[in-house]
Amino acid sequence: GDSVTQMEGPVTLSEEAFLTINCTYTATGYPSLFWYVQYPGEGLQLLLKATKADDKGSNKGFEATYRKETTSFHLEKGSVQVSDSAVYFCALTPGNAGGTSYGKLTFGQGTILTVHP
Amino acid sequence: DGGITQSPKYLFRKEGQNVTLSCEQNLNHDAMYWYRQDPGQGLRLIYYSQIVNDFQKGDIAEGYSVSREKKESFPLTVTSAQKNPTAFYLCASRTYGELFFGEGSRLTVL
């Protein structure tokens, strides 16, 4: 079955440091890939997404590129802020879910990011 | 504003009691989902529904039940058969692509 593996946390950085959170996946076909963010005590919010190989998703200074050859979707940000402290989830959905199929989203285990001033 | 509303936000239950968590959406989404979140384990799918009056078991459906009588509503019942119900429960809906999540309900069994 489909699976998502994220780098283990927690990740602790100083403000303005460079961030990378690794995500690799196992899936058949051409899944869509997502990064979600969860702030303390809240639900998940979509951060960015990519639906085909070589697509780059970006939002709020975060970026991730869909690499089919390495089955990866690593999250990066050039300069983190204290307000970026949250839990980050990588997820995928089957490739045909862009049409009329509501396939399940499979999530990684989440990576806790803490940014200190 | 469109969105997903979960209630209650916090709930305490005694062992042996059933409890129902509410999830309502006004996004006109066809599909709805319930996930369970435990520390260090990410999100695990409990049940999902793609259309009214139909739903499927997810990866950890034992001890839970759902109904989908209306497009807007997808309540989850945590039954006394669920051996370890203390967790954070998240409801979500989608049309195509990404999921939209509610704020979550935290259930604690005393």
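Everything numeric here is computed off the predicted structure, so don't read it as measured data.

Before going further, it helps to spend a moment on the overall build of chain B. Tallying secondary structure elements over chain B gives 0 helices and 11 strands in all. Counting from the amino terminus, chain B carries its helices and strands in the arrangement β-β-β-β-β-β-β-β-β-β-β. Relative to the compact-globule value of 13 Å for 110 residues, chain B shows a C-alpha radius of gyration of 13 Å, a close match. Overall, chain B is about 35 × 25 × 25 Å in size when its C-alpha atoms are taken along their principal axes. A total of 110 residues make up chain B; the buried ones form 50% of that total. By sequence separation, contacts in chain B at least 24 residues apart represent 51% of the contacts at least 6 residues apart.

Attention now goes to the sheet that holds strand E3 (residues 19-25) of chain B. All names here are of chain B. One open sheet holds the 4 strands; their spatial order is E1-E3-E8-E7, and the pairing between them is antiparallel. For this open sheet the edge positions go to strand E1 (4-7) and strand E7 (64-66), each flanked by a neighbour on one side alone. Going across the sheet, the axis of each strand differs from the next one's by a mean of 20 degrees, ignoring polarity. Here E7 runs beside strand E8 (residues 76-78); their pairing, made up of 3 bridges, is antiparallel. Note on E8: the bridge partner recorded for serine 65 is threonine 77.

On to the state of the cysteines, then. Summed over the entire model, instances satisfying the criterion amount to 2 disulfides over all chains. The side chain of cysteine 23 of chain A participates in a disulfide bridge whose partner is cysteine 90 of chain A; the two sulfur atoms lie 2.0 Å from each other. A torsion of -70 degrees about the S-S bond marks the disulfide between cysteine 23 of chain A and cysteine 90 of chain A as left-handed. Highlighted residues: cysteine 23 of chain A in strand E4 (residues 23-26) and cysteine 90 of chain A in strand E10 (residues 86-93), separated in sequence by 67 residues. Through a disulfide, cysteine 23 of chain B is tied to cysteine 91 of chain B; the S-S separation comes to 1.9 Å.

How each quantity is defined
Residues numbered from 1 in each chain as written. Chains lettered and ligands numbered in written order. Predicted model: local features only at pLDDT ≥ 70, side-chain atom pairs only at ≥ 80, totals over all residues. Heavy atoms only, no water. Helix = DSSP H or I, 4+ residues; strand = E, 2+ residues; numbered from the N terminus. Rg over C-alpha atoms; globule rule 2.2 N^0.38 Å. Buried < 20%, exposed > 50% of the residue type's maximum accessible area, 1.4 Å probe, protein only. Contact = heavy atoms within 4.5 Å. Pairing = 2+ DSSP bridges. Axes fitted to C-alpha atoms, helices over the stretch in contact; angles between N-to-C directions. Disulfide = S-S within 2.5 Å.

Purely spatial values, then, with no claim about function.
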